[in-house]
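Chain residues, written in single-letter form:
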Amino acid sequence: MPYFTWKEEGLSQDCASLAAMAARFEEAAKLMRRMAAEGFEVERVNGCQQITHPNPDVFKAYGFINEEKAEKQLDLIIETN
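Residues numbered from 1 in each chain as written. Predicted model: local features only at pLDDT ≥ 70, side-chain atom pairs only at ≥ 80, totals over all residues. Heavy atoms only, no water.

Asker: Go over the environment of Gln49 with me, naming the residues and quoting the values.
Answerer: Relative to the helices and strands, Gln49 is located in strand S3 (residues 48-52). Taking relative accessible area as the criterion, Gln49 reaches 32% and is therefore assigned partly exposed. Put simply, Gln49 and Tyr3 are 46 residues apart on the chain and 9.7 Å apart in space, counted from C-alpha to C-alpha. (Helix = DSSP H or I, 4+ residues; strand = E, 2+ residues; numbered from the N terminus. Buried < 20%, exposed > 50% of the residue type's maximum accessible area, 1.4 Å probe, protein only.)

Asker: Please set out the pairing of strand S2 (residues 41-45) residue by residue, giving values where relevant.
Answerer: Little of S2 sits out of view: just zero of its five residues are buried. In terms of strand pairing, S2 meets S3 through five bridges, oriented antiparallel. Bridging across to S3, Arg44 finds its partner in Gln49. From the end of S2 to the start of S3, which pair antiparallel, there are two residues, and Asn46 there has a positive phi angle of about 50 degrees. (Pairing = 2+ DSSP bridges.)

Asker: With reference to specific residues and values, describe the pattern of salt bridges.
Answerer: Going through the model one piece at a time under the given rule, you end up with one salt bridge. The partner of Asp14 in a salt bridge is Arg24, with the nearest N and O atoms 3.0 Å apart. Taken together, the positions of Asp14 in the loop between strand S1 (3-6) and helix H1 (18-37) and Arg24 in helix H1 put the pair 10 residues apart, joining distant regions of the chain. (Salt bridge = Lys/Arg side-chain N within 4 Å of Asp/Glu carboxyl O.)

Asker: How would you sum up the packing of aromatic side chains? Please name residues and give values.
Answerer: Counted according to the given criterion, the structure contains five aromatic pairs. An angle of 85 degrees between the planes, with centres 5.8 Å apart, marks the rings of Phe40 and Phe64 as edge-to-face. Pair noted here: Phe40 is in the loop between H1 and S2 and Phe64 is in the loop between helix H2 (56-61) and helix H3 (70-73), with a separation of 24 residues, a long-range link. What makes Phe40 buried here is its relative accessible area of 7%. Through successive ring pairs, a cluster of aromatic residues spans Phe40, Phe59, Tyr62 and Phe64. (Phe/Tyr/Trp six-rings, centres within 6.5 Å; stacked < 30°, edge-to-face > 60°.)

Asker: Run through the side chain of His53, naming residues and quoting values.
Answerer: With respect to the secondary-structure elements, His53 resides in the loop between S3 and H2. Under the relative-accessibility criterion, His53 is labelled buried at 5%. Within the structure, the side chain of His53 is placed 2.7 Å from the backbone oxygen of Glu38, a separation counted as a polar contact. Leaving out residues up to four positions away in the same chain, His53 has contacts with Met1, Pro2, Glu38, Gly39, Phe40, Val58 and Phe59. (Polar contact = N/O pair within 3.5 Å; in protein donor to acceptor, adjacent residues only side chain to side chain. Contact = heavy atoms within 4.5 Å.)

Encoded structure:
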């Protein structure tokens, strides 16, 4: 399942005022609510939060970079004749 690790390191670092910080947090919250409605989930793995989605196409549509190991990103297609 595709995922990326959530690390909040400066969401509001470049904001010059409390109002700007609030706007940035509201914007982030709106995005997170939309992601939740579309099936994204937060999973805790080895003490880190990973944001996942079971559908790689939806994950990719958001422009996220998949941190899964390359061999886990490959689809195995078994031909049955």
